Amino acid sequence: MRQSLLLAACLAFAPVVQGLNILITNDDGFGTSNIRELYKQLTALGHDCYIVASTSEQSDMGVQPLFTTSPHLLTDSEWGIVKAGSASIGTDPHDSHIWYYNGTPAAQVFVALDYVLPTFASFSTPDLVVSGPNSGWSVGPFLYSLSGTMGAVYAAIERDIPAVAFASGNDIPEPYFWVNSTTKVGLQDPATINARLAATFIQSLIDKAAGSRVLPEGYAVSVNLPYITSYTSDICTNPPFVIARMANNASIVDKAVYDSKTGLFSYESINIAGGNQCIGGNCNLPGETDVLSSGCKSSVTIFTVDFDPRNNAVCFNVSDVTEIVPIVVQVNGTTPPLGGLGANASVIGNPPAAATSAPPFMPTITNIGMKAQWSVSCLILGLGVGVFLL
């Protein structure tokens, strides 16, 4: 009884923390494991999330806003979640916050902003757009204009909405219903770990903003996560976030390769100096490619909507690019490196548990200052309640 009174008293004094309104999209499809796991993680943190993503893979579509020309699906969606003949836009059969649309990533963002959210959601304009995590990296300046994952982000920041893109070294898309509670080596599924890393980064951005915009106008962030090894080992399950830049040793899709047997062309990625010139930003930062190739690390790159070269000494309109990134992001070579999930985060698998009654409601508290204030308040109040009950 005393514990119940103390808990109720603490909750009465607990600050109310407002979650953000978040749109999640990708270029792999609305049924992939990565996007569904991220949706679960961000929702669990107290944010109001909606997914609007494609019915099938839309990789390499860049910023093209291509809308479907058919009011119905001509084929089944990926993994048969929605069948041919269904409307070209609609919700997942099991969750009204998860929408599909048969269009490119940029088109998905516009359909979400101009139709789905204002018509069906509890908010019309999101505080943040999150794209991914994509299956396969979006590395280098060429991918900035080629990647559908990046195209969705670019569409968002053009509409004055902060945005973050995530891409994973686990490059084979899988359906959400293949996610393992525990892998064969007893660890969490790579999709779950990718989503936890992305959610940790996003929450860190939100905490740093402290109620203001998550990012300044015209700014976005690209995060490339390494290959998560939890299927077979724990070698790379908690990579640190490292600040980087797009150019520098990035491969550029810049060569046509002719196949004399088929008479067809394909492209080949090569590394050339012209595509890796550092013109804007902090040229002292390592390239994304260098960070990812140096081991189990995630690269974090800030970019802007403005392609023009800068004509002054100030990068990104601030004195130092690191002013924008949250504390979870480190400089390359930081010793010891702090894992993106936290220093002592567990990635042990979670075997399915028997159904239990819902736990008592506990508010989500994300700000460190609020946590400290709440703890002190509860301590003082607890002492007072204890004296009263004696």
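The residue numbering used here restarts from 1 in each chain and proceeds along that chain's sequence as written. Predicted model: local features are reported for residues with pLDDT of at least 70 only, side-chain atom pairs are reported and counted for 80 or more only, and whole-chain, interface and lining totals are derived from all residues. The side-chain values count all of the structure's non-hydrogen atoms but skip hydrogen atoms and water molecules.

Novice: Whenever I open this one, the packing of aromatic side chains confuses me. Can you help?
Specialist: Given two aromatic rings, their pairing is described by the distance between the two centres and the angle made by the two planes. Classification of ring pairs rests on two measures: the distance between centres of Phe, Tyr or Trp rings, Trp counted by its six-membered ring, which must be within 6.5 Å, and the angle between planes, read as stacked under 30 degrees, edge-to-face over 60 and tilted in between. Summed over the entire model, instances satisfying the criterion amount to eight aromatic pairs. Linked through ring pairs, Trp99, Tyr115 and Phe120 together constitute an aromatic cluster. Between the NZ or CZ atom of arginine 36 and the centre of the ring of tyrosine 176, over which it lies, the distance is 4.2 Å. Each ring is checked for a lysine NZ or an arginine CZ that lies within 6 Å of its centre and within 35 degrees of its normal; such an atom marks a charge sitting over the ring.

Novice: Help me out: how do you make sense of the pattern of salt bridges in this one?
Specialist: Each reported salt bridge corresponds to a side-chain nitrogen of Lys or Arg within 4 Å of a carboxyl oxygen of Asp or Glu. Under the definition given, this model contains five salt bridges. Notably, a salt bridge pairs lysine 83 with aspartate 76, separated by 4.0 Å at the nearest N-O pair. Burial classes follow relative accessibility: with a 1.4 Å probe on protein chains only, a residue under 20% of its type's maximum area counts as buried, one over 50% as exposed, and anything between as partly exposed. Of the residues examined, lysine 83 reaches a relative accessible area of 47% and is grouped as partly exposed. Taking relative accessible area as the criterion, aspartate 76 reaches 39% and is therefore assigned partly exposed. Ionic pairing is found between arginine 213 and aspartate 160, a salt bridge with its closest N-O pair at 3.4 Å. One end of the pair, arginine 213, is in the loop between helix H6 (190-209) and strand S7 (219-225); the other, aspartate 160, is in the loop between helix H5 (148-158) and strand S6 (163-168), with 53 residues separating them in the sequence. For aspartate 160, a relative accessible area of 39% gives the class partly exposed. Numbering of helices and strands runs from the N terminus, with a helix taken as a DSSP run of H or I at least four residues long and a strand as a DSSP run of E at least two residues long.

Novice: Is there a simple way to think about the side chain of serine 230 in this case?
Specialist: Note on placement: serine 230 falls in the loop between S7 and strand S8 (241-244). Ignoring any residue separated from it by four or fewer positions in sequence, one finds serine 230 in contact with Thr183, Val185, Leu187, Gln188, Asp189, Pro190, Ile193 and Thr237. Throughout, a residue-residue contact means that at least one pair of heavy atoms, one from each residue, lies within 4.5 Å.

Novice: Would you mind showing me how to read the pairing of strand S1 (residues 21-25) here?
Specialist: With four of five residues buried, S1 lies mostly within the body of the structure. At least two DSSP bridges between two strands are required for those strands to pair. Across four bridges, the pairing between S1 and strand S2 (residues 48-54) is parallel. Bridging across to S2, isoleucine 24 finds its partner in isoleucine 51. Of the crossover connections in this fold, the one passing from S1 over helix H2 (residues 33-44) to the parallel S2 is right-handed. The definition of a right-handed crossover adopted here requires that, viewed with the strands pointing away, the path from the first strand over the helix to the second runs clockwise.

Novice: Just to check I follow, could you spell out the environment of valine 130 for this structure?
Specialist: Within the secondary structure, valine 130 sits in strand S5 (residues 128-135). When the C-alpha atoms of valine 130 and phenylalanine 166 are compared, they prove to be 7.7 Å apart, with 36 residues separating the residues in sequence. The residues touching valine 130, leaving out its near neighbours within four places in the chain, are Ile22, Leu23, Ile24, Thr25, Leu38, Val164, Phe166 and Ile202.

Novice: Please clarify how the nonpolar core should be interpreted in this entry.
Specialist: The nonpolar side chains of soluble globular proteins are, as a tendency, buried together. For our purposes a nonpolar core is just a set of buried Ala, Val, Leu, Ile, Met, Phe, Trp, Tyr and Cys residues, chained together by side-chain atoms within 4.5 Å. With 48 residues, the main nonpolar core has Ile24, Val164, Phe201, Val223 and Phe241 as its most contacted residues. Ranked by the residues each element gives to this core, the list is headed by H6, at nine residues. Each residue touching phenylalanine 241, except ones within four places of it in the same chain, is listed here: Leu197, Phe201, Val223, Leu225, Ser298, Val300, Val328, Val329, Gln330, Leu338 and Gly340. The next biggest cluster of nonpolar side chains, apart from the first, holds 30 residues, and it includes Val111, Leu117, Val153 and Ala163.

Novice: Please clarify how a nonpolar patch on the surface should be interpreted in this entry.
Specialist: Within this analysis, patches are made of residues with over 30% relative accessible area and no salt bridge. Like charges are joined at 9 Å or less; nonpolar side chains (Val, Leu, Ile, Met, Phe, Trp, Tyr) at 5 Å or less. Using a 1.4 Å probe, accessible areas were evaluated by the Shrake-Rupley method; residue-level cover was limited to the displayed protein chains. Residues Trp79, Phe177 and Trp178 make up a contiguous nonpolar surface patch of about 350 Å² in total accessible area. Along the polypeptide, phenylalanine 177 turns up in the loop between S6 and H6.

Novice: I keep staring at unusual backbone geometry and nothing clicks. Help me out?
Specialist: Residues other than glycine predominantly adopt negative phi, and peptide bonds predominantly adopt the trans conformation. Of the consecutive residues glycine 132 and proline 133, the connecting peptide bond is found in the cis state with omega at 0 degrees. Here proline 133 is to be found in strand S5. Threonine 335 connects to proline 336 through a cis peptide bond whose omega is -10 degrees. Within the element layout of this structure, proline 336 appears in the loop between strand S12 (329-330) and helix H8 (368-389). The phi angle at tryptophan 79 is positive, at roughly 60 degrees, despite the residue not being glycine. Mapped onto the fold, tryptophan 79 is located in the loop between S2 and strand S3 (89-92). One non-glycine residue with positive phi stands out, namely alanine 210, at about 55 degrees. Mapped onto the elements, alanine 210 comes out in the loop between H6 and S7. For alanine 210, a relative accessible area of 59% translates into the label exposed.

Novice: Got a minute to help me understand the packing of helix H3 (residues 105-120) against H5 in this structure?
Specialist: When two helices pack together, their arrangement is captured by the angle between the axes and the distance separating the axes. For helices, the axis comes from a line fit to the C-alpha atoms of the stretch in contact; other axes are also lines fit to C-alpha atoms, and the angle between any two N-to-C directions lies between 0 and 180 degrees. The N-to-C vectors of H3 and H5 enclose an angle of 35 degrees; their axes lie 7 Å apart at closest approach. Judged by the twist between their axes, the crossing of H3 over H5 is right-handed. Note on element contacts: H5 touches H3 through Gly148, Gly151, Ala152, Ala155 and Ala156, opposite Pro105, Ala106, Val109 and Phe110. Think of it as three bins: nonpolar holds Ala, Val, Leu, Ile, Met, Phe, Trp, Tyr, Cys and Pro, charged holds Asp, Glu, Lys and Arg, and polar takes everything else, Gly as well. Across the contact of H3 with H5, the residue classes tally to seven nonpolar, two polar and no charged. Take the far helix as your reference; a near helix turned counterclockwise from it by less than a right angle gives a left-handed crossing, and one turned clockwise gives a right-handed crossing.

Novice: Even after reading the chapter, I still don't get the sheet that holds strand S4 (residues 95-101), so can you show me in this structure?
Specialist: Backbone-to-backbone hydrogen bonds join strands into a sheet, with any given pair of strands oriented parallel or antiparallel. Strand order in the open sheet formed by 10 strands is S3-S4-S2-S1-S5-S6-S7-S11-S8-S12, with mixed pairing between adjacent strands. Single-partner strands in this sheet number two, and they are S3 and S12. Across two bridges, the pairing between S8 and S12 is parallel. What sits directly across from valine 242, in S12, is glutamine 330. Packing against the sheet, H5 makes contact with S1, S5, S6, S7 and strand S11 (298-304), and its axis sits at approximately 175 degrees to S6.

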